[in-house]
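Chains, contacts and geometry: an overview
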Amino acid sequence: MKKIRFKFNKINWKEIFNYFVSVVISASILALVLISLPLTEKVSSSASYDLVNKNNMYWAKEYTLELDISQSSDIEKDITQLKSVLQKRLKQFDVEQSSITSYKENDKYYLKVNVQTSKEQELVEQLVKAPFIVTIVTRKDDVNYEDTENPLFPTLKKTMIKQSSEKDFRNVYVTKLKNTSGEYSYFAIFKAWPLSSKWNEFLNKYIGQTVGVSIDGFVTPVQINEDKIFAPSVSAIDEQYAKVTSILYNSGVSPMSYSTIKEEEKPLNIAEVDYIKLTEGILIAILFIYVYLLVVEKTRKSIILKSGVATVLTVSSWITYLKLSATPVDIFILALEVIVVAAIIRMITENTDSRVHITLLLTFTSLLCILLGFGYVKIFANDLLILIILSNLSLLISTYYISKVRKSLKV
Amino acid sequence: MNLIQNVIQNWSRYELRTEIFLYLSIIAIVVLTIYLFSKNGKITLLSFISLCILMLLNFLAFIIINSLLKIQITEVFRMTPVISMVFLISNLALLTGFYSSKKKKKKIKFANIRKRIYVR
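Here goes a summary of the coordinates provided. These figures come from a predicted structure and were not determined experimentally. (Residues numbered from 1 in each chain as written. Chains lettered and ligands numbered in written order. Predicted model: local features only at pLDDT ≥ 70, side-chain atom pairs only at ≥ 80, totals over all residues. Heavy atoms only, no water.)

**A few points about the pattern of salt bridges**
In this structure the tally under the stated criterion is twelve salt bridges over all chains. Linking Lys262(A) and Glu264(A) is a salt bridge whose minimum nitrogen-to-oxygen distance equals 3.7 Å. Since its relative accessible area comes to 32%, Glu264(A) is described here as partly exposed. For Arg78(B), the salt bridge goes to Glu19(B), with nearest N and O atoms at 3.9 Å. Of this pair, Arg78(B) sits in the loop between α3 (41–68) and α4 (79–102) while Glu19(B) sits in helix α2 (residues 13–38), and the two are 59 residues apart along the sequence. Sharing partners across several salt bridges, the network here consists of Lys61(A), Glu125(A), Lys129(A) and Glu263(A). (Salt bridge = Lys/Arg side-chain N within 4 Å of Asp/Glu carboxyl O. Buried < 20%, exposed > 50% of the residue type's maximum accessible area, 1.4 Å probe, protein only. Helix = DSSP H or I, 4+ residues; strand = E, 2+ residues; numbered from the N terminus.)

Shown next as structure tokens:
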């Protein structure tokens, strides 16, 4: 019987690997596009990943604050400072829209604080309603704090002596520390100015004794231990509450006290955008731009193809990320981001000489907007920074992918 | 001038300072980076002037929208200067990149750059 012999040619592993990578990238692009298209989650009942529209989370309110000017020597200056403190609090908490106006009526001064945001209402109200005037106090010698008939004595500022105010501290750091029962809870660590000898003298004087931190007239007792760390407890149940407390401590000193006399729900003023129609519009617009570029023949076909694939990859992977992570999105900002990123990709694909320059300058701009911007500007800059990185990455992948596919197809 | 009065009366000092500082620092950083890349005074000056003109045009546009078209300038409008800046900065970066790559050629002229970038 004749033996059958198989003859193998030398296998080109490199080609197989390239082929395999091309297939994986093709499948990934297809999957990303399918996930990013609107309503595709309805195809499968096992997964829910629709885009979370922020519009349903927005609420708007107007708060009227009556100012206590009894301690104020320069009312106008103090009102200006208070407005800055409140605005700083709201901006640090990333409240999307806020405005503060002051007015006088019947010899009384008022502030109107208008807020429109998707942030948790309870937390935002805490930032608006609390004057958060902080003073360090010590106990009076002539007051009996153990008096059972007056159990509130240790918690009232009027029974204490004022020692120093918030101005004497560099900042207050809110963090988790072990409490006396061995569990972790939030504490506010007061950090004094490096050259402040007054604070060190105060700590040395009251070592081993109980002093207090008065916030809006209510005192939290603090035991000064040998480490001389001044850390009153914070009644924060989670990270968000701790963040609010940190903002309240570190957003400046309220020059006057106030009380909220009125709060009123306001109609929402947001751009209502149908994201399905918007996605269709953007897709058609991008398609038309590329068809136009192809027709007018002013750009090489290879560049049009590369930037087209990179745009699809960037936009689809960004929307897929937003969908899968259930990140709440302002649809009108998303539309702007897509337009901007499509233009940037077009520029960096065609002008390879300028890729580093464009990326670097836009990164600097985005970083500055994140650091100093408010509301929508900050959200836009945050997303733009991610999209700049993503678009450069997509361009690399699309360049690699197109060259490998061409090689495989021998085009 | 209703818009300017509104800003002065309703914006807090913190808001006003931060907003001004944001745009000034963007202009400063962009101009400095462009100078470091190009080492050319003309391109740096061009970048600075174009950024200043952009800010002025944005400001004028707000006044026209507010006073002539009677459209209220809301928080969303704050994005306009940023988006227009993103496009202008991209174009300036294009110019700088092209200039940086070709500056070693002896006969590089601004007319050629203009032709290459804007008249394609």
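Additional details are given in the paragraphs that follow.
**Comments concerning helix α2 (residues 75–92) of chain A**
Residue and element names in this part refer to chain A. The first and last C-alpha atoms of α2 sit 26 Å apart over 18 residues, in line with the 26 Å expected at 1.5 Å per residue. Residues Asp78, Ile79, Leu82, Lys83, Ser84, Val85, Leu86, Gln87, Arg89, Leu90 and Lys91 constitute the buried set of α2. Two residues or fewer after α2 comes Asp94, characterised by a positive phi angle close to 60°. (Expected span 1.5 Å × (residues − 1).)

**Here's the deal with the packing of helix α6 (residues 275–296) of chain A against helix α8 (residues 331–350) of chain A**
Residues and elements named next belong to chain A. Closest axis-to-axis distance for the α6/α8 pair is 11 Å, and the angle between their directions is 15°. Here α6 lies roughly parallel to α8, going by the angle between them. As for the relative orientation of α6 and α8, their crossing is right-handed in sense. Two secondary-structure elements touch here, α6 through Tyr275, Leu278, Ile282, Ile286, Tyr290 and Leu293 and α8 through Ile331, Ala335, Val338 and Arg346. Classifying every residue of the contact of α6 with α8 by side-chain character gives nine nonpolar, no polar and one charged. (Axes fitted to C-alpha atoms, helices over the stretch in contact; angles between N-to-C directions. Parallel < 35°, antiparallel > 145°, perpendicular 65-115°, else oblique. Left-handed = near helix turned anticlockwise from the far one by under 90°. Contact = heavy atoms within 4.5 Å. Nonpolar A, V, L, I, M, F, W, Y, C, P; charged D, E, K, R; others polar.)

**A word on helix α3 (residues 121–129) of chain A**
Inspection of α3(A) places Leu123(A), Val124(A), Glu125(A), Leu127(A) and Val128(A) among the buried residues, and these make up the whole buried set. Structurally, α3(A) contributes buried residues whose contacts are with β1 (59–67), α2, β3 (108–117), α5 (239–250) and β10 (258–265) of chain A.

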